[in-house]
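# Working through the structure, step by step
Okay, here's what each chain looks like letter by letter:
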Amino acid sequence: MSFSSAAMGWDAFLNAEVLLTQPLLIVIGDKPDGFGAYRDGWEIYGRTASMNK
């Protein structure tokens, strides 16, 4: 498996509840569909195990 195929197959949401236990900073814009991944940002924020967000 090459590096590029491993990176393409990586899922940031897989095991988020288990892996994201350290203090976390997520920057999310204020407009859905404005820029980036607004809904994905809020989903990962809600699923993290860290209480220090």
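Details of the structure are given in the entry above.
The rules we used
- Residues numbered from 1 in each chain as written.
- Predicted model: local features only at pLDDT ≥ 70, side-chain atom pairs only at ≥ 80, totals over all residues.
- Heavy atoms only, no water.
- Helix = DSSP H or I, 4+ residues; strand = E, 2+ residues; numbered from the N terminus.
- Buried < 20%, exposed > 50% of the residue type's maximum accessible area, 1.4 Å probe, protein only.
- Contact = heavy atoms within 4.5 Å.
- Areas by Shrake-Rupley, 256 points an atom, 1.4 Å probe, with all protein chains shown as cover.
- Phe/Tyr/Trp six-rings, centres within 6.5 Å; stacked < 30°, edge-to-face > 60°.
- Salt bridge = Lys/Arg side-chain N within 4 Å of Asp/Glu carboxyl O.

Looking only at helices and strands, one finds 3 helices and 0 strands in the chain. When the helices and strands of the chain are listed from N to C terminus, the series reads α-α-α. Counting across all 53 residues of the chain, residues that qualify as buried make up 9%. Of all intrachain contacts in the chain linking residues separated by at least 6 positions in sequence, the fraction that spans at least 24 positions is 63%. Counting every atom, the chain has about 4,500 Å² of accessible surface; 61% of that belongs to carbon and sulfur.

Let us look at the packing of aromatic side chains. As enumerated under the stated definition, the model contains 1 aromatic pair in all. For the ring pair Trp42 and Tyr45, a centre distance of 5.5 Å and an interplane angle of 80° mean the geometry is edge-to-face. Of this pair, Trp42 and Tyr45 are both found in helix H3 (residues 38-47), 3 residues apart, which corresponds to roughly one turn of the helix. Overall, the relative accessible area of 33% leaves Tyr45 in the partly exposed class.

Position of Ala16 among the secondary structure elements: in helix H2 (residues 16-19). Residue classification places Ala16 among the buried positions, given a relative accessible area of 2%. Sequence separation of Ala16 and Ala49 is 33 residues, and the distance between their C-alpha atoms is 7.6 Å.

In this structure the tally under the stated criterion is 2 salt bridges. A salt bridge links Glu17 to Arg47; its shortest N-O distance comes to 2.8 Å. Placement of Glu17 in helix H2 and of Arg47 in helix H3 is noted, with a sequence separation of 30 residues between them. Judged by relative accessible area, which is 39%, Glu17 ranks as partly exposed. Of the charged contacts in the structure, one is a salt bridge between Glu43 and Arg47, with a shortest N-O distance of 3.1 Å.

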